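Examining the three-dimensional arrangement
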Amino acid sequence: MKSMMITIPVEPGITLRAIRTDRFKTGCFSINLLQPHRRETASVDALLPSVLLHGTARYPDITAVTNHLDDLYGATLGTLVRRKGETRFVGFYADFIEDAFVPDGEAVFAPMLELAAQTLYEPYLENGCFCARYVESEKQNLINAIEASLNDKRSYALMRCIEEMCCYEDFAVSRFGSESEAENIHYKKLTRHYRELIQTCPVEIFYCGKTDFKAVSAAMRDAFSAMPRGEIDYDIGTDLRMNAVEDHVRFVEEEMDVTQGKL
């Protein structure tokens, strides 16, 4: 069967882009919150999906989540932190065996979608806030990831080039933000930021698999009908700033004790 893609509105501010194909025995989807890439929120946005993945109201810790994924024939649920231009995508991706290949007519797609939706808008909370223990653990992982960027010299050189070339724009900031910003994240601050995002961000859902478009859109509406939404902020544009102060070429050079250079 030839692949084709359609766009379907699911709920206000939630859009499904689906590709139907018979080429694979597994299906996949991603759930993405869209917002402008900003220096002051880069680290807190990068931290959010990892904290959410620790548990839901129904599955309160990572062990319970993992056990449920095992029950769904080893399905995978992971975090997304991406930047395309000056738009940031944060959320989750999932891959799973197609229902047509599951014994005894069991369903995997709908339960997998339900779990991903619960992870997004029904997280595990303690006294109305994210679990401080989960936040501190994932915050350290984020700091380690930022520090580890120095280890891949080729990627580090590209990152530093962008930082210098776009130093007057938020585009200069990496998708993980900065170490100093990450260190200052508090679990209450993260909870407040999450509540704002979940209500105001446009949501893009991408699906690829062999399930019928009508069945996919119906499952999406069921999964996201209870998502708390407010006034959606569609103002995601490009903020291009030309520096009118500097009229000379800047030369930036960094030296490291390495055995092989990377240009």
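As a reminder, the structure under discussion sits directly above these lines.
Small disclaimer: the values here were computed from a predicted structure and weren't measured.

Examining the sheet that holds strand 8 (residues 203-209)
Read across the sheet, six strands follow the order 1-2-8-3-5-4 without closing on themselves; strand pairing throughout is mixed. Since the sheet does not close on itself, it has two edges, and those belong to strand 1 (4-11) and strand 4 (76-84), each with one partner. Averaged over neighbouring strand pairs, the angle between their axes works out to 20 degrees when direction is ignored. Note that strand 3 (residues 26-36) and strand 5 (residues 87-97) share 11 bridges and pair antiparallel. Within the sheet, the bridge partner assigned to N32 lies in strand 5 and is G91.

Quick word on the packing of aromatic side chains
Taken as a whole and assessed by the stated rule, the structure comprises seven aromatic pairs. Each ring, one from F29 and one from F96, has its centre 5.8 Å from the other, and the planes form 50 degrees; the classification is tilted. With F29 in strand 3 and F96 in strand 5, the pair connects residues that are 67 residues apart, well separated along the chain. Judged by its relative accessible area of 3%, F29 is buried. You can call F96 buried: its relative accessible area is 2%. Taking 5.3 Å as the distance between ring centres and 55 degrees as the angle between the ring planes, the aromatic pair formed by F130 and Y194 counts as tilted. Of this pair, F130 sits in strand 7 (residues 129-130) while Y194 sits in helix 7 (residues 187-200), placing them 64 residues apart in sequence.

What about the packing of helix 3 (residues 109-121) against helix 8 (residues 213-224)?
Interhelical geometry of helix 3 versus helix 8 gives an angle of 35 degrees and a closest axis separation of 9 Å. Helix-helix and strand crossings are classified by hand; for helix 3 and helix 8 the assignment is right-handed. Of the residues in helix 8, those in contact with F109, L113, A117, L120 and Y121 of helix 3 are V216, A219, M220, A223 and F224. In the contact of helix 3 with helix 8, the residues fall into 10 nonpolar, no polar and no charged.

Rules behind the numbers
Residues numbered from 1 in each chain as written. Predicted model: local features only at pLDDT ≥ 70, side-chain atom pairs only at ≥ 80, totals over all residues. Heavy atoms only, no water. Pairing = 2+ DSSP bridges. Helix = DSSP H or I, 4+ residues; strand = E, 2+ residues; numbered from the N terminus. Axes fitted to C-alpha atoms, helices over the stretch in contact; angles between N-to-C directions. Phe/Tyr/Trp six-rings, centres within 6.5 Å; stacked < 30°, edge-to-face > 60°. Buried < 20%, exposed > 50% of the residue type's maximum accessible area, 1.4 Å probe, protein only. Left-handed = near helix turned anticlockwise from the far one by under 90°. Contact = heavy atoms within 4.5 Å. Nonpolar A, V, L, I, M, F, W, Y, C, P; charged D, E, K, R; others polar.

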